[in-house]
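Now for the letters of each chain:
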Amino acid sequence: MERGKGALAGEAVLLLAASLVLYRMDLAMLVFPAPLLLFSIHGGRKAASLLVAAGFVLAVITDLVAVGMPSGRESMVFFLISMFIPLSLSAAGIIWLGTEGRGLLPRLFLTMAPALVFAAVLAVFIGTDRALLESIISLFQDAFAAMLGPVMSAVFPGLDVGFIAYVALLAAASLIFPVLLCGICAGCFIFESVLHSRESMWEEKVMRFEYPSNAVWGFIASWALVLLLRFVSVPMLLEIAALNLATVWAVIYAIEGFSVIFAHIRKRWEHVRSMTVLILLMVIGLFVPGINLIVLIGLPLLGVFETFFDLKRIGAGNEDYS
C-alpha cells in the first residue's frame, strides 16, 4: 500500500530529525545517514538518496551555526577536514542505495571511493602549500596542548606535549579510512537489517556470509606491505596510506569474523538476532578495557581463519549472501 505525499513528507522530517540527533552525538555520528536510508522503504531509493544529501546539508548548516563561518585559509581547511567524515558517509550511503544487487566486497570499495577522492583533494590542497601545512599542524598541536596538556603534564612531568600531539595527528591520519569504513558498515547493516526484518532467511544469510576465498590475499598483501615499510625508508605519507589500506582490510574481514561469532551464538540460542550481537560487540569493543582489544583484533583474524578452516560449518552451501 503506497503512502500519501503528506505521510511521506512527515516520515522524511522525522528521519531527518533522527539523523541530526545522531550527528550531534559524538561516535553515533558515524551512523547518522542510517535513518535516511530507511526512507527508501516507502519513498524509493532515489528519494532516499536526495534525503541523504539533504541530511548532509542540514548537518553542515548546524555546524556553521555552532562555530560560525570560517574566516581565513586555516579555519577554512579545518572546516573542510571536519566535513570529511560526514560528507564521505553521506556519499557512501547514496552509493550503497545505488549498488543494490552487487556483492558486498565491491560495494564496500565503491562506498569508500568518494572518501579517497575527497582525501586526495585535501592532501593536494594542503600539501602544495608548505606554510599552510605547517600552520595547520601548529594549530592542531596548540589545540591538543590546550585540551590535554595540563592533565598529561601533571601525570607525566617533563613530557613533550607537542611531540605527543604530532604522534596523535599521525595516528588519526593512519586510521581515518578504517574508522570511516566502520561507520559505513554499521550504518548499512542497520539499514539492511530493518529492510529485511520480515524475511525469515535474513539471519541465515548473515550466518552463512563469506567472501570469495581469493579475497584473503588482499588482507595478507596489505599487512605484508606495512611490515616491509618498517624496514625501508619511504615518505611518511606512503606509510600512512599503507596502514590505512591494511586496517581497511582488517575491517573488511571483521565482517566475516562477526558472521563466525553470530553463527556459533545462533546455534545455541536460535532466537538471537544479528543486530543484538552487533550492538553487544560494539559496546564491548568501545567501552570494556582489555576485552575490547580481543574483539578488535580477534574479529578480523576469525574472518581470515574462516577462509582456510571453515570455522562455522553451518550447512554445505558456500553462497555469498551479501
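For the structure, see preceding data.
A quick note: this is a predicted structure, and the numbers were derived from the prediction, not measured.

Parameters and conventions
Residues numbered from 1 in each chain as written. Predicted model: local features only at pLDDT ≥ 70, side-chain atom pairs only at ≥ 80, totals over all residues. Heavy atoms only, no water. Helix = DSSP H or I, 4+ residues; strand = E, 2+ residues; numbered from the N terminus. Buried < 20%, exposed > 50% of the residue type's maximum accessible area, 1.4 Å probe, protein only. Polar contact = N/O pair within 3.5 Å; in protein donor to acceptor, adjacent residues only side chain to side chain. Contact = heavy atoms within 4.5 Å. Expected span 1.5 Å × (residues − 1). Arc of directions from axis to C-beta.

A.B. asks: Run through the environment of Glu-270, naming residues and quoting values.
C.D. replies: Among the secondary structure elements, Glu-270 is positioned in the loop between helix 12 (236-268) and helix 13 (274-287). The sequence separation of Glu-270 and Ala-123 amounts to 147 residues, and the corresponding C-alpha distance is 49 Å.

A.B. asks: Let's hear about the side chain of Ser-90: which residues, and what values?
C.D. replies: Position of Ser-90 among the secondary structure elements: in helix 6 (residues 84-98). According to the relative accessible area criterion, Ser-90 is buried, its value standing at 4%. Reaching out from Ser-90, the side chain makes a polar contact with the backbone oxygen of Pro-86 at a distance of 2.8 Å. Residue contacts for Ser-90: discarding those within four places in its chain leaves Phe-32, Pro-33, Val-52 and Phe-56.

A.B. asks: Mind laying out the environment of Pro-70, listing which residues take part and the relevant values?
C.D. replies: The residue Pro-70 is located in the loop between helix 4 (45-67) and helix 5 (73-82) in this model. A sequence separation of 10 residues divides Pro-70 from Leu-80, and the C-alpha atoms of the two residues are 9.6 Å apart. When neighbours within four sequence positions are excluded, Pro-70 is seen to be in contact with Leu-64, Ser-75, Met-76 and Phe-79.

A.B. asks: Explain helix 1 (residues 5-23) to me, and be specific about the residues and the numbers.
C.D. replies: Compared with an ideal rise of 1.5 Å per residue, which puts 19 residues at 27 Å, helix 1 spans 27 Å between its outermost C-alpha atoms and is within 8% of the ideal. All of the buried residues in helix 1 are Leu-8, Glu-11, Ala-12, Leu-15, Leu-16, Ser-19 and Tyr-23. The buried residues of helix 1 occupy an angular sector of 140° when projected down its axis, which confines them to one face. Away from the buried face of helix 1 by more than 90 degrees, exposed residues Gly-6, Val-13 and Leu-14 are located. Buried-residue contacts for helix 1 involve helix 2 (34-37), helix 3 (40-43), helix 4 and helix 6.

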